Amino acid sequence: MDGLNLDVTQGDSFGFEKYSMCKALNMVQSARRAFASNKTRSTKFRKTQLKELVKFLEKEEKALCTAVYDDLKKPKAETILHEILTVIKEAREAVNSLQSWVKPTTVKSTIVNSLDTVKILDEPYGVTLVIGAWNFPVHLTLLPVIGAIAAGNCVVIKPSEHAPATARAIASLLPKYIDSECYPVYLGGVEETSELLKQKFDYIFFTGSPSIGKLVHQAASQNLTPVTLELGGKSPVYIDNTANLKLAAKRIMWGKTQNCGQICVAPDYVLCSKEVQDKFLKYAQAALHQFYGDNVRENGDFGRIINQHHFHRLTGLLRDQKVAIGGPSDPKDHFVHPTIVTDVHPDDAIMQEEIFGPILPIVTVESYEEAINFINQREKPLALYVFTGCKKVKKAFLRETSSGAVLINDVLMHSVADGLPFGGVGNSGIGAYHGKHTFDTFSHKKAVMERGTSMLIDKIDSIRYPPYNNTKTKLLKTVFRINRTLPVKYVPHLIMFSLGVAVTCGAYYLNKYIQNEVD
Ligand code: NAD
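On a predicted model such as this, the values are computed, not experimentally measured, just so you know.

Visitor: For this particular structure, what's the right way to read the sheet that holds strand 9 (residues 235-239)?
Guide: Working definition: the strands of a sheet are paired by backbone hydrogen bonds and lie parallel or antiparallel to each other. In spatial order, the strands read 11-14-15-10-9-16-17; together these seven strands make up an open sheet with mixed pairing. On the outer flanks of this sheet lie strand 11 (322-325) and strand 17 (405-408), each paired with one strand and no other. Averaged over all adjacent pairs, the angle separating strand axes in this sheet is 25°, with direction ignored. Sheet topology places strand 9 next to strand 10 (residues 267-272); four bridges connect them, and they run parallel. By the bridge assignment for strand 10, Pro 236 is matched with Tyr 269. In this fold helix 12 (residues 368-376) packs onto strand 9, strand 10, strand 15 (359-364) and strand 16 (383-387), with an angle of close to 145° to the strand it touches most, strand 10.

The following block contains the structure:
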């Protein structure tokens, strides 16, 4: 990236050159100049940039896979699917749909505004900031960027310092493809991010933990900057005895072991009866064997924990727990075996924080009502998973709980369903994205109205001007009472009728005037 070494003051613990406050300011000012030049307003420019982003992902696939492997030991197949193909798919959708997305939305006419033009314009916010997360370091950084570009914004891109190889790959390779003035990449850790957040942005999109989300929200509030906060938390799973337990165990263990459990919507803990638990454990063991064979550690399809800090945090959560499946770990390569713990008490440390690793606690409950109560006493989850064959239970969970999403009889899959918004509620986040929702997130919905200036409209308008009288008030009451959408097919008739009345009145007064002249 040009100027990667500008304003370097000293190296930091992640091996990045330190970005100073001056660097953050320069980057934002330069992006602001680029935005003011209006080049990002052109849809042709946006499409070209999105196509270049696709080219970057296709041509640099090898470099990105290597970087993600260095950071997370993520299997190549998972990187290609989650980090490359998914992002390409979203960028292509944006290119193909942009023309229809940017079309103004026409608002249906009511009697009050039937002679006006009323529409909603999607306007770019300006200079935006995207702060990515390390667990899907390409995907979670670039997916929001796609929507920001499509909507016509400039974007300062901040990859996570916890996936340093990927952050460096993005910073050094992306500017070869997309406009680096409009879309600069900013590197750094906590200190540098804090500097960046002191700058004025027009929109901030943050992915990370609820605690840092609050700091970002606070910083944004200084400038009343709108935010999307894609946060995390504990996503519960409820399983009852009407569920297909073998399938449930396979799907849950898949969701818990993908990316080594480091997924914001990974199933965090299970609520079920003792009877269901015993059967679930048997099937979960079989599923793990099917996925990873006799030796999980040697199996290249199972990843590693991102760093020492998270490794020790996770193994700490296992202290004093009853391990039913798994248990081994190794600090040398941050290996944590997929592990299920039972007889977990709601007050245990493992139930107080998001696990974000391949450990699954089971808390026993007697009924679905107890499970709903348990969930409702805690923060609103990003995802809620219900495994049941019972309609009444499904309905109860949908109606009586609140979460970013509910998925019945599977885990994670809602996050890749076309058309669904992805985001949390309450402690799990603010706002949502994916597909057209990302474009909407990065667009200010500008209300636009154009009024006619004809005499007819002015005449109709006269009821709003003083002097007021009872007739005007009565007329206003009638208009408000019957004000509803006017079927479009009647609008021309109404206009013709009004013209007819106007012409008749005109002819009448003209005739009268001529008569007077003759007399
Ligand atoms: P984090 O909140 O600890 O850090 C996120 C980023 O914030 C860091 O990269 C850093 O640059 C910055 N930061 C950290 N401390 C800061 C401070 N004091 N001031 C300013 N900036 C600071 O999150 P993480 O460890 O990167 O990611 C894990 C969390 O993210 C989990 O809670 C997970 O559920 C969540 N997550 C959510 C989604 C989603 O889409 N909802 C996706 C992935 C991860």
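Visitor: Looking at this structure, how should I read the UniProt feature "domain: Aldehyde dehydrogenase" (unreviewed entry) in the chain?
Guide: The sites that carry the UniProt feature "domain: Aldehyde dehydrogenase" (unreviewed entry) are, in the present numbering, residues 26-448. With 42% helix and 18% strand, residues 26-448 has end C-alpha atoms that lie 34 Å from one another.

Visitor: Looking at this structure, I do not really get the environment of Asp 116. What am I missing?
Guide: Here Asp 116 is to be found in the loop between strand 3 (105-106) and strand 4 (117-124). Linking Asp 116 and Glu 450, residues 334 residues apart in sequence, is a C-alpha distance of 5.9 Å. The residues contacting Asp 116, other than those within four sequence positions of it, are Met 449, Glu 450, Arg 451 and Gly 452. A polar contact of 3.1 Å, which involves the side chain of Asp 116, links it to the side chain of Arg 451.

Visitor: Just checking my understanding: could you explain the packing of aromatic side chains for this structure?
Guide: The geometry of an aromatic ring pair comes down to the distance between the two centres and the angle between the two planes. Under the definition given, this model contains 13 aromatic pairs. Arranged with centres 4.8 Å apart and planes meeting at 65°, the rings of Phe 205 and Tyr 433 form a pair that is edge-to-face. In this pair, Phe 205 is assigned in strand 7 (residues 203-207) and Tyr 433 in the loop between strand 18 (429-430) and helix 14 (436-441), connecting sequence segments 228 residues apart. For the pair Phe 205 and Tyr 433, a shared accessibility class is recorded, and that class is buried. Aromatic pair Phe 302 and Phe 335: ring centres 6.1 Å apart, planes at 80°, arrangement edge-to-face. Placement of Phe 302 in the loop between helix 10 (274-292) and helix 11 (308-318) and of Phe 335 in strand 13 (residues 335-336) is noted, with a sequence separation of 33 residues between them. A relative accessible area of 3% means that Phe 302 is categorised as buried. For Phe 335, a relative accessible area of 3% corresponds to the buried category. Ring pairing ties together the aromatic residues Tyr 125, Tyr 203, Phe 205, Phe 422, Tyr 433 and Phe 442, which thus form one cluster. Directly above the ring of Tyr 69 sits Lys 73, whose terminal nitrogen or CZ lies 5.3 Å from the centroid. Over the ring of Phe 374 we find Arg 378; its NZ or CZ atom is 3.6 Å from the centre of that ring.

Visitor: Explain the side chain of Glu 230 here, please?
Guide: Tracing the chain through its elements places Glu 230 in strand 8 (residues 227-230). Despite its burial, Glu 230 remains without a salt bridge, the nearest opposite charge being carried by Lys 445 at 16 Å. Excluding residues within four positions of it along the chain, Glu 230 makes contact with Phe 205, Phe 206, Thr 207, Gly 208, Phe 422, Gly 423, Ser 428, Gly 431, Ala 432 and Tyr 433.

Visitor: Mind showing me how you'd approach the site of the ligand here?
Guide: Around the ligand, 23 residues are found, and the nearest of them are Trp 134, Glu 161, Ser 209, Leu 231 and Glu 354. Here an oxygen atom of the ligand sits 2.6 Å away from a polar atom, N or O, in the side chain of Ser 209. At a separation of 2.6 Å, a nitrogen atom of the ligand approaches a polar backbone atom of Leu 231. Bound to the protein, the ligand loses 89% of the 840 Å² it would expose on its own. Of all the secondary structure elements, the ones that give two or more residues to the shell around the ligand are helix 7 (190-197), strand 7 and helix 8 (210-221). Top contributing element to the shell around the ligand by residue count: helix 7, with three residues.

Visitor: What is the right way to read the pairing of strand 10 from this model?
Guide: Sheet faces and side chains relate simply in a regular strand, where the side chains alternate between the two faces. Taken across its six residues, strand 10 has six buried, putting it largely inside the fold. Following the chain from strand 9 across helix 9 (residues 245-257) to the adjacent parallel strand 10, one finds a crossover that is right-handed. Where strand 10 lies against strand 15, three bridges are found, and the strand directions are parallel. Of the residues in strand 15, the one forming a bridge with Cys 272 is Thr 364.

Rules of the game
- Residues numbered from 1 in each chain as written.
- Predicted model: local features only at pLDDT ≥ 70, side-chain atom pairs only at ≥ 80, totals over all residues.
- Heavy atoms only, no water.
- Pairing = 2+ DSSP bridges.
- Helix = DSSP H or I, 4+ residues; strand = E, 2+ residues; numbered from the N terminus.
- Axes fitted to C-alpha atoms, helices over the stretch in contact; angles between N-to-C directions.
- Contact = heavy atoms within 4.5 Å.
- UniProt positions renumbered as here; feature names shortened; annotations may be inferred.
- Polar contact = N/O pair within 3.5 Å; in protein donor to acceptor, adjacent residues only side chain to side chain.
- Phe/Tyr/Trp six-rings, centres within 6.5 Å; stacked < 30°, edge-to-face > 60°.
- Buried < 20%, exposed > 50% of the residue type's maximum accessible area, 1.4 Å probe, protein only.
- Lys NZ or Arg CZ within 6 Å of the ring centre and 35° of its normal.
- Lys, Arg positive; Asp, Glu negative; His and termini not counted.
- Salt bridge = Lys/Arg side-chain N within 4 Å of Asp/Glu carboxyl O.
- Near = heavy atom within 4 Å.
- Areas by Shrake-Rupley, 256 points an atom, 1.4 Å probe, with all protein chains shown as cover.
- Right-handed = clockwise from strand over helix to strand, strands pointing away.

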